[in-house]
Amino acid sequence: MDDFIGKAEVLMEALPYIQRFYGKTFVIKYGGHAMENEELKQSFAQDIVLLKYVGINPVVVHGGGPQIDSVLEKMGITSRYVRGMRVTDQATLDIVEMVLVGKVNKEIVNLINRHGGLAVGLSGKDGGLILARKMSVTVSSPNGAPPEIIDIGMVGDIIGINPLVIESLDQNKFIPVIAPVGVGQEGETYNINADLVAGEVAEALHAEKLIMMTDVEGVKDKRGALLSTLKENQARKMIQDGVVGSGMIPKVECCVNALKGGVGKTHIVDGRVKHAVLLEIFTKEGIGTEVVRK
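Residues numbered from 1 in each chain as written. Predicted model: local features only at pLDDT ≥ 70, side-chain atom pairs only at ≥ 80, totals over all residues. Heavy atoms only, no water.

What follows is about the packing of helix H6 (residues 194-204) against helix H8 (residues 249-260). When two helices pack together, their arrangement is given by the angle between the helix axes and by the axis-to-axis distance. Put simply, H6 and H8 touch, their axes get as near as 9 Å, and they point 10° apart. The orientation of H6 with respect to H8, classified from their angle, is roughly parallel. Here H6 contributes Asp-195, Gly-199 and Glu-203 to the contact with H8, which in turn contributes Lys-251, Cys-254, Asn-257 and Ala-258. (Axes fitted to C-alpha atoms, helices over the stretch in contact; angles between N-to-C directions. Helix = DSSP H or I, 4+ residues; strand = E, 2+ residues; numbered from the N terminus. Parallel < 35°, antiparallel > 145°, perpendicular 65-115°, else oblique. Contact = heavy atoms within 4.5 Å.)

Spelled out as C-alpha cells, the structure:
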C-alpha cells in the first residue's frame, strides 16, 4: 500500500504545475544523445504525449547533426565547420534536407504517434514557417587586419517566423515537429541551426517555456557545481568571464535572447536522463538549469 500511496504523492506533486501550465505552449529543442539512444527516444516521446494530454501544447524542434554526418560519410563527403557551423554547399544541402526533413523528422513523428500522440512533421518551407537569408560570417584576422568574411554556403539566418501553421495544429490537438530548414525570399533553401530555430519559434509563439535538451547536466559555476537557476545578467557575466564553455555559449545566448523576446522561462536540461522534460517541469527541484529574467 505504501508503494501505491507514493505513486499518488508523485502525481500530486505535479498537480500545481499542471494547473499553472494548462493551455500554455512549450517549445522543446530535441537533440544530442536523446535522439540516438533507443530507451531515451521512447521516454522523450512519452513525455511529449503526456504534456499534450494534460493540456500543455508542446512544439518540438529537432536537430540531426550526427545523422547528417553518417550519411555524408557514407557518400564520401567530408564536412567542414566555421565557428561551429557546417559549411553547406548545394550537394551538402540536398543531403541535409533529405536527412532532416525526410528521415529524422518522420522518425520522430512516427515515434510520438506510436505512443498515442498526433504529431505532424513540418519544415520551414511549410506554410512559410521559417523565412531566412544567407548568413554572413566574419572571422577576426591577426595583426590588426580587417575581419575576413567567410562564405559558409547555404546556412541561414532567420528573418521571420509565421506562427499561424503551428497555432492551427495546436488548436486541433496536433503536435508540431519542426525540422530546422528555412526558405529564402526567392524560394532558396537554407540549413539553420536548430537551437536558433527553437528560440525564434518560442518567441513567435510567446511560449511559456523554451527547453533545450543537451548532453550535459546544465550550466555549471566556476567550481563545477550545477546551477539550478541562472539569471540573464549572471549568464552574460559568466560568458564574458569564460565560465560558460564554448559549447554551452550558443544555448545560453539562445535562452537569454528568448527571454528578451517574451518567453516566460528557459531551461537547459540533460537529455541523457530518462523523462528529462517531465522531471524538469513537474518537480520542485528540476534536473537542469532554468535561465530566468533579472
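Bringing the packing of helix H2 (residues 38-53) against helix H4 (residues 90-114) into the picture now. Relative orientation of the contacting elements H2 and H4 amounts to 65°, with a least axis distance of 8 Å. Seen along the crossing, H2 lies across H4 with a hand that is right-handed. Residue-level contacts link Lys-41, Gln-42, Ala-45, Ile-48 and Val-49 of H2 to Leu-111, Ile-112 and Arg-114 of H4. The class makeup of the residues in the contact of H2 with H4 is 5 nonpolar, 1 polar and 2 charged. (Left-handed = near helix turned anticlockwise from the far one by under 90°. Nonpolar A, V, L, I, M, F, W, Y, C, P; charged D, E, K, R; others polar.)

Moving on: the pattern of salt bridges. For the structure on display, the rule yields 14 salt bridges. Note that Lys-220 and Glu-217 form a salt bridge whose closest N and O atoms lie 2.9 Å from each other. One salt bridge in this structure joins Arg-223 and Asp-221, with 3.2 Å as the shortest N-O distance. (Salt bridge = Lys/Arg side-chain N within 4 Å of Asp/Glu carboxyl O.)

Once that is clear, we can look at the environment of Asn-162. Topologically, Asn-162 is positioned in the loop between strand E9 (156-161) and helix H5 (164-171). Separated by 39 residues in the primary sequence, Asn-162 and Val-201 place their C-alpha atoms 8.7 Å from one another. Not counting chain neighbours up to four residues away, the residues in contact with Asn-162 comprise Gly-127, Gly-128 and Leu-129. At 3.2 Å, the side chain of Asn-162 and the backbone nitrogen of Leu-164 are in polar contact. (Polar contact = N/O pair within 3.5 Å; in protein donor to acceptor, adjacent residues only side chain to side chain.)

Moving on, we come to the nonpolar core. Core analysis: the largest hydrophobic core is formed by 40 residues, its most contacted members being Val-27, Ile-178, Val-201, Leu-210 and Val-219. Broken down by secondary-structure element, the contributors of at least two residues to this core are strand E2 (57-62), strand E6 (130-134), E9, H5, H6, strand E13 (209-214), helix H7 (232-240) and H8. Sort the elements by how many residues they give to this core and H8 lands first, with 6 residues. Sequence-distant contacts of Leu-210, defined by excluding residues within four places in its chain, comprise Val-27, Ala-198, Gly-199, Ala-202, Cys-254, Ala-258, Val-263, Lys-265, Thr-266 and His-267. (Core = buried A, V, L, I, M, F, W, Y, C linked by side-chain atoms within 4.5 Å. Buried < 20%, exposed > 50% of the residue type's maximum accessible area, 1.4 Å probe, protein only.)

This paragraph deals with the sheet that holds E2. Pairing in this open sheet of 8 strands is mixed, and the strands run E5-E10-E2-E1-E13-E15-E16-E14 from one edge to the other. Two strands in the sheet have a free side with no partner beyond their single neighbour: strand E5 (119-123) and strand E14 (229-231). Neighbour-to-neighbour, the strand axes of this sheet turn through a mean angle of 20°, independent of strand direction. Set on the sheet, H6 makes contact with strand E1 (25-30), E2, strand E10 (175-179) and E13; between it and E1 the angle comes to about 175°. (Pairing = 2+ DSSP bridges.)

It is worth spelling out empty space enclosed by the protein at this point. Scanning the model with the defined rule gives 1 cavity of 30 Å³ or more in all. Taken as a whole, the largest cavity spans an internal volume of roughly 50 Å³. The wall of the largest cavity is formed by Ala-34, Leu-40, Ser-43, Phe-44, Asp-47, Met-213, Gly-271, Val-273, His-275, Ala-276 and Val-277. Partitioning the lining of the largest cavity into residue classes produces 7 nonpolar, 3 polar and 1 charged. (1 Å grid on protein atoms, 1.4 Å probe; cavity = no way out; pocket = protein on both sides within 12 Å on 5 of 7 lines; lining within 4 Å. Points joined across faces, edges and corners; volume = space filled by probe spheres on them.)

With that out of the way, let us pick up unusual backbone geometry. Even without being a glycine, His-206 presents a positive backbone phi close to 50°. Looking at where His-206 falls in the secondary structure, it is placed in the loop between H6 and E13. For His-206, a relative accessible area of 61% puts it in the exposed group. The residue His-275 is not glycine, and still its phi comes out positive at about 55°. For His-275, the position within the fold is in the loop between strand E15 (265-270) and helix H9 (276-282). For His-275, a relative accessible area of 27% corresponds to the partly exposed category.

What follows covers the side chain of Lys-209. Positionally, Lys-209 belongs in strand E13. There is no salt bridge for the buried Lys-209, and the closest opposite charge comes from Glu-290, which lies 5.3 Å off by N-O distance. There is a polar contact of 2.9 Å between the side chain of Lys-209 and the side chain of His-267. If we ignore the near neighbours within four places in the chain, the residues touching Lys-209 are Phe-21, Thr-25, Phe-26, Val-27, Val-263, Lys-265 and His-267. (Lys, Arg positive; Asp, Glu negative; His and termini not counted.)

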